[in-house]
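Structural overview
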Amino acid sequence: MKRVLASVLSILAASAACGVSAFAAEEEMVFVTIADANGDLAVAAHPIWCSDADGDGALTVNDALYLAHEQFYDGGAAAGYGTSRTEFGLGITKLWGKEQGSGFGYCVNNKPAMSLEDPVSHATFVSAYVYTDLTGFSDTYCYFDIQDISTYLGNTHTFTLTANSYDENWNPITVPVEGATITIDGEKTEWKTDAQGMVTITFEKAGQLVISAVSDTQILVPPVVKADIVAPATEAPATTEATTTTQAATTAATTAAAATTTTGTDSASTVPSTGDSTGIFALGAAALTALGALAITRRRNEN
């Protein structure tokens, strides 16, 4: 009996481990930003469960953008998103309903991507945009030094706005964005970035806010900071709590994963990997309970 029990335990442990690994590989939390043909934010660093939508055996930028359109664009990816393969790899032909040849850009973690087949993983930030300048393609991709902040109403925080650029030899570099006007939920504020791209903001509105920037001297691809501003019931603390891009992504992904884990028997609902893993361990626990009862009964009969 001991040998049988040990063998079953080993099999259950191995099966559970394999199940967790398999489900973890199927989906990852990715954050997607899309700027439309008007230069406006259509999707602002929204978390989505990224799976292998195109069936190529990998999680890629293409999967993230396809699924973002499926979730947020009226008519889904069939109406709003298109791709084609060229000598340079898989590229965008339609983004957020706009078709204009090669007039699109996209980045992974704020760095230019080589193609839509670039890989994504847990907490990756994917940003795609429609060029509004189809003559000089001068649209400037820029980003803040953080992507997420949680603080109290009335507190302040300093941000730095940086743009991707090139030197005289076309090597990629980053430069500060000077004179950009900060926007909150699409509304211009009085705050502007200085010569180092820095700006200090006082949070005067509570709620879930989107901080971005526009410029009178250059076309900016809208950057994104997601802000959670709380009106305290008591005296607010003196410091703000800000997170870097990686910290924000990890925290938001963990929260989203917990929120989307479901229970019950509705076969039509989508259950992320955390829910499936729980099912595997529940099955293993039930089997172990049954085996324990069987062992006790047998020992009683032998006595």
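Here, every reference points to the structure presented above.
What you see is a predicted model; the values in this text were computed from it and never measured.

About the thresholds
- Residues numbered from 1 in each chain as written.
- Predicted model: local features only at pLDDT ≥ 70, side-chain atom pairs only at ≥ 80, totals over all residues.
- Heavy atoms only, no water.
- Helix = DSSP H or I, 4+ residues; strand = E, 2+ residues; numbered from the N terminus.
- Buried < 20%, exposed > 50% of the residue type's maximum accessible area, 1.4 Å probe, protein only.
- Contact = heavy atoms within 4.5 Å.
- Areas by Shrake-Rupley, 256 points an atom, 1.4 Å probe, with all protein chains shown as cover.
- Polar contact = N/O pair within 3.5 Å; in protein donor to acceptor, adjacent residues only side chain to side chain.
- Phe/Tyr/Trp six-rings, centres within 6.5 Å; stacked < 30°, edge-to-face > 60°.
- Salt bridge = Lys/Arg side-chain N within 4 Å of Asp/Glu carboxyl O.
- Core = buried A, V, L, I, M, F, W, Y, C linked by side-chain atoms within 4.5 Å.
- 1 Å grid on protein atoms, 1.4 Å probe; cavity = no way out; pocket = protein on both sides within 12 Å on 5 of 7 lines; lining within 4 Å.
- Points joined across faces, edges and corners; volume = space filled by probe spheres on them.
- Nonpolar A, V, L, I, M, F, W, Y, C, P; charged D, E, K, R; others polar.
- Pairing = 2+ DSSP bridges.

Examining the overall build of the chain
Within the chain, the secondary structure is distributed over five helices and 19 strands. The 303 residues of the chain split such that 39% are buried. Once local pairs closer than 6 in sequence are excluded, the contacts in the chain between residues at least 24 apart make up 56%. Summed over its atoms, the accessible surface of the chain is roughly 16400 Å², and 54% of this surface lies on carbon and sulfur atoms.

Remarks on the side chain of Gln100
Inspection of the secondary structure assignment puts Gln100 in the loop between strand S5 (98–99) and strand S6 (104–108). A residue is classified by how much of its surface remains accessible, and Gln100, at 15% relative accessible area, is buried. Among the polar contacts listed, one links the side chain of Gln100 to the backbone oxygen of Gly103, at a separation of 2.8 Å.

Concerning the packing of aromatic side chains
What the rule picks out here adds up to nine aromatic pairs. Ring plane angle 20° and centroid distance 5.0 Å describe the contact between Phe31 and Phe125, whose orientation is recorded as stacked. Placement of Phe31 in strand S1 (residues 28–35) and of Phe125 in strand S8 (residues 124–130) is noted, with a sequence separation of 94 residues between them. Each member of the pair, Phe31 together with Phe125, is buried. The structure contains a cluster of three or more aromatic residues connected by ring pairs, namely Tyr129, Tyr131, Phe137, Tyr141 and Tyr143.

Digging into unusual backbone geometry
A positive phi angle is found at Asn109, which is not glycine, with a value near 50°. Inspection of the secondary structure puts Asn109 in the loop between S6 and strand S7 (111–112). Given the relative accessible area of 37%, Asn109 is considered partly exposed. A positive phi angle, near 70°, is found at Asn110, a position not held by glycine. Looking at where Asn110 falls in the secondary structure, it is placed in the loop between S6 and S7.

Some points on the pattern of salt bridges
If you walk through the whole model with that rule in mind, you get two salt bridges. Here Glu117 and Arg85 are joined by a salt bridge, their closest N and O atoms 2.8 Å apart. Taken together, the residues span a long stretch of sequence, with Glu117 in the loop between S7 and S8 and Arg85 in strand S3 (residues 82–86) at a distance of 32 residues. What makes Glu117 partly exposed here is its relative accessible area of 35%. A salt bridge links Lys205 to Asp185, with the shortest nitrogen-to-oxygen separation between them at 3.4 Å.

A few points about the nonpolar core
Val32, Ile34, Val61, Leu65, Ile92, Leu95 and Leu116 are the most contacted members of the largest nonpolar core, which totals 27 residues. In contact with Leu65, not counting residues within four places along its chain, are Val32, Ile34, Tyr81, Ile92, Leu116, Val126 and Ala128. Among the nonpolar cores identified, the runner-up in size contains 22 residues, and Cys142, Ile149, Ala213 and Ala227 belong to it.

Side note on empty space enclosed by the protein
Taking a probe equal in size to a water molecule and rolling it over the atoms shows the remaining empty space. Inspection of every chain in the model, using the stated rule, returns one cavity of 30 Å³ or more. In this model, the largest cavity occupies a volume close to 150 Å³. Lining the largest cavity are 20 residues, with Thr33, Ser127, Tyr141, Pro222 and Val224 sitting closest to its centre. Mapped onto the lining of the largest cavity, the elements with two or more residues apiece are S1, strand S2 (41–50), S8, strand S9 (140–144) and strand S10 (146–152). The residue makeup of the lining of the largest cavity, split by class, is 16 nonpolar, four polar and no charged.

What about the sheet that holds S6?
With mixed pairing, the five strands of this open sheet are ordered in space as S2-S1-S8-S6-S7. Looking at which strands have only one partner, the edges of the open sheet turn out to be S2 and S7. Where S1 meets S2, seven bridges bridge the pair, whose relative direction is antiparallel. Bridged to Ala35 within S2 is Leu41.

A short note on the pairing of strand S14 (residues 187–192)
As paired strands, strand S13 (residues 181–184) and S14 are joined by three bridges and run antiparallel to one another. By the bridge assignment, Thr181 is partnered in S14 with Lys192.

Brief notes about the layout of surface pockets
A volume near 770 Å³ is recorded for the largest pocket. With five residues, the top contributor of residues to the lining of the largest pocket is strand S4 (residues 89–95). For the lining of the largest pocket, the residue count by class is 15 nonpolar, 12 polar and one charged.

Regarding the sheet that holds S4
Note: strands within a sheet are paired through backbone hydrogen bonds, in either parallel or antiparallel orientation. Taken together, three strands build an open sheet; the order of strands is S3-S4-S5 and the sheet is antiparallel. Each edge of the open sheet is held by one strand with a lone partner, namely S3 and S5. Note that S4 and S5 share two bridges and pair antiparallel. Looking at S5, one finds that Leu95 is bridged to Lys98.

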